[in-house]
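# Understanding the architecture of this molecule
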Amino acid sequence: MGLVAAVPVKGLASVKQRLVGFLAGEERAALVLAMLEDVLHALDQSPLDTVYLVTRDCAAMDVGQRHGARLLVEEEDRGHTAAVASAQARAVAEGADRFLTLPGDVPCVTPEDVAVLARALPAGRGAAFVPSLSGSGTNGALLAPPDVMSLRFGEPSFDQHLQAARARGLSPLVLPLPGLALDVDAPEDLALLLERGPGTRSARLLCDLGVPSRLAGAVRPPSRG
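Quick notes on the rules
Residues numbered from 1 in each chain as written. Predicted model: local features only at pLDDT ≥ 70, side-chain atom pairs only at ≥ 80, totals over all residues. Heavy atoms only, no water. Helix = DSSP H or I, 4+ residues; strand = E, 2+ residues; numbered from the N terminus. Rg over C-alpha atoms; globule rule 2.2 N^0.38 Å. Buried < 20%, exposed > 50% of the residue type's maximum accessible area, 1.4 Å probe, protein only. Contact = heavy atoms within 4.5 Å. Areas by Shrake-Rupley, 256 points an atom, 1.4 Å probe, with all protein chains shown as cover. Lys, Arg positive; Asp, Glu negative; His and termini not counted. Charge placed at Lys NZ, Arg CZ, Asp CG, Glu CD. Axes fitted to C-alpha atoms, helices over the stretch in contact; angles between N-to-C directions. Parallel < 35°, antiparallel > 145°, perpendicular 65-115°, else oblique. Left-handed = near helix turned anticlockwise from the far one by under 90°. Nonpolar A, V, L, I, M, F, W, Y, C, P; charged D, E, K, R; others polar. 1 Å grid on protein atoms, 1.4 Å probe; cavity = no way out; pocket = protein on both sides within 12 Å on 5 of 7 lines; lining within 4 Å. Points joined across faces, edges and corners; volume = space filled by probe spheres on them. Pairing = 2+ DSSP bridges. pLDDT = per-residue confidence, 0-100. Arc of directions from axis to C-beta.

## Quick word on the overall build of the protein chain
Scanning the protein chain for helices and strands turns up nine helices and seven strands. In terms of overall dimensions, the protein chain is globule-like: its C-alpha atoms have a radius of gyration of 17 Å, near the 17 Å expected for 225 residues. Oriented by its inertia axes, the alpha-carbon framework of the protein chain measures out at about 50 × 35 × 30 Å. Of all 225 residues assigned to the protein chain, the portion counted as buried reaches 55%. Within the protein chain, contacts between residues separated by at least 24 positions form 64% of all contacts whose residues are at least 6 apart in sequence. Looking at the protein chain as shown, the accessible area adds up to about 9,700 Å², and 51% of this sits on carbon and sulfur atoms. Counting 21 positive and 26 negative side-chain charges, the protein chain places the averaged centre of each group 3 Å from the other.

## A word on the packing of helix 7 (residues 187–196) against helix 8 (residues 201–208)
Direction vectors running N to C along helix 7 and helix 8 enclose 115°, while the axes themselves pass 9 Å from each other. Accordingly, the angle class assigned to the pair helix 7 and helix 8 is roughly perpendicular. Crossing of helix 7 over helix 8 shows left-handed handedness. On helix 8, the residues touching Leu190, Leu193 and Leu194 of helix 7 are Ser202, Ala203, Leu206 and Cys207. Class assignment for the residues of the contact of helix 7 with helix 8 results in six nonpolar, one polar and no charged.

## Thoughts on the layout of surface pockets
Quantified by volume, the largest pocket comes out at close to 840 Å³. Every residue lining the largest pocket is counted, 34 residues in all, and those nearest its centre are Lys16, His80, Asp105, Asp183 and Asp185. Among the residues making up the lining of the largest pocket, the classes are represented as ten nonpolar, twelve polar and twelve charged.

## Focus: the sheet that holds strand 3 (residues 70–73)
Read across the open sheet, the seven strands follow the order 3-2-1-4-6-5-7; overall the sheet is mixed. Both outer strands of the open sheet, strand 3 and strand 7 (173–174), are each paired with one neighbouring strand and no more. Pairing of strand 2 (residues 50–55) with strand 3, which is carried by four bridges, proceeds in the parallel orientation. Looking across to strand 3, one finds that threonine 55 is bridged to valine 73. Contacts from helix 3 (residues 80–93) reach strand 1 (3–8), strand 2, strand 3, strand 4 (98–101) and strand 6 (138–144), with the element oriented near 140° to strand 2.

## Examining the confidence of the model for the protein chain
Averaged over every residue, the pLDDT of the protein chain is 93; the share at 70 or more is 97%. Across residues 220–225, confidence stays below pLDDT 50; counting only partners more than four residues off in sequence or on other chains, it has 13 contacts.

## Thoughts on the environment of leucine 170
Relative to the helices and strands, leucine 170 resides in the loop between helix 5 (157–167) and strand 7. When its relative accessible area of 7% is taken as the criterion, leucine 170 is described as buried. In sequence terms leucine 170 and aspartate 147 are 23 residues apart; their C-alpha atoms lie 13 Å from each other. For leucine 170, the contacting residues outside a window of four places in its chain are Arg125, Gly126, Ala127, Val148, Met149 and Ala165.

## A closer look at helix 8
Helical geometry: 3.6 residues make up each α-helical turn, so side chains three or four residues apart lie on a common side. Those residues of helix 8 that sit buried are Ser202, Ala203, Leu205 and Leu206. All buried residues of helix 8 fall inside an arc of 160° around its axis, so they share one side. Each element contacted by the buried residues of helix 8 is listed here: helix 1 (25–44), helix 7 and helix 9 (211–217). Just beyond helix 8, the residue with positive phi is glycine 210, at close to 75°.

## Points about the environment of alanine 218
One can find alanine 218 in the segment after helix 9. As for alanine 218 and leucine 190, which are separated by 28 residues in sequence, their C-alpha atoms are 12 Å apart.

## With respect to unusual backbone geometry
Between alanine 144 and the following residue, proline 145, the backbone shows a cis peptide bond with an omega angle of -5°. The linkage connecting glutamate 155 with the following residue, proline 156, adopts the cis geometry, with an omega of 5°. Relative to the helices and strands, proline 156 is located in the loop between strand 6 and helix 5.

This is how it looks when you write it as C-alpha cells:
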C-alpha cells in the first residue's frame, strides 16, 4: 500500500458547539455530514490508495461507505488526536509508505489541494503541513513514513508540529492551500464557506436552511481572513 488518507469525524450529537444558538442540533448534524461529503468527494478524485474514515457515528459511516472509505470504528469519541493516531497505527500495520490526514470539516478542499499535498514528499523521510486560516491550527498533514512522528491537534498545533518535526531531524514543508485552510467551527466561518465554496454541498445546505439571511441579521464577528 502506498498512500493512505485518514479523516476523523466525531459523533454528531456533540459536534460544532460554537454554532449552538445559531444552528439547531439537527442542522449542525446535517452540516457535518454535508462537509464530510465534500471532503470525501475531493478525496475520491485524488491520487490515494486508501481512505480511512475514523468515527463511531452511524450516519458518518453511511457517508463513508457510499464513497468507498474503509471504516475504522471507534468505541468512543476520544478526540481528533487519538483518532488520527489509530489511523497512523493501521497505516503502519498495513505497510503504507505515506500517511495523509485532513479533518472532515474543510468543505472547500479540492482534488487539486489534495494532489499538491500528496506530491509534497516524493521520496524518503519527511513531513508536510497545511496551516488553518488562522495560522494556528493544522488542517492537513503528510508523513513519510506514517510513523515518522506523532501528531497532536488543536490550536496552536501548527507551530507545535513544525517544532516536533525539527526535533525528529526533519525539515518540514509548509503548504498554504486555500481550500484546506477553512475549517468550519463558528458563524463567521459559515459566511466564508458561502463566499468561497458556493458550489459545495455544504453551501447548498446552508442556503436551503436560510443561513444567508440569518447571517445578514446577525452581528458579525471580525473576519478570520
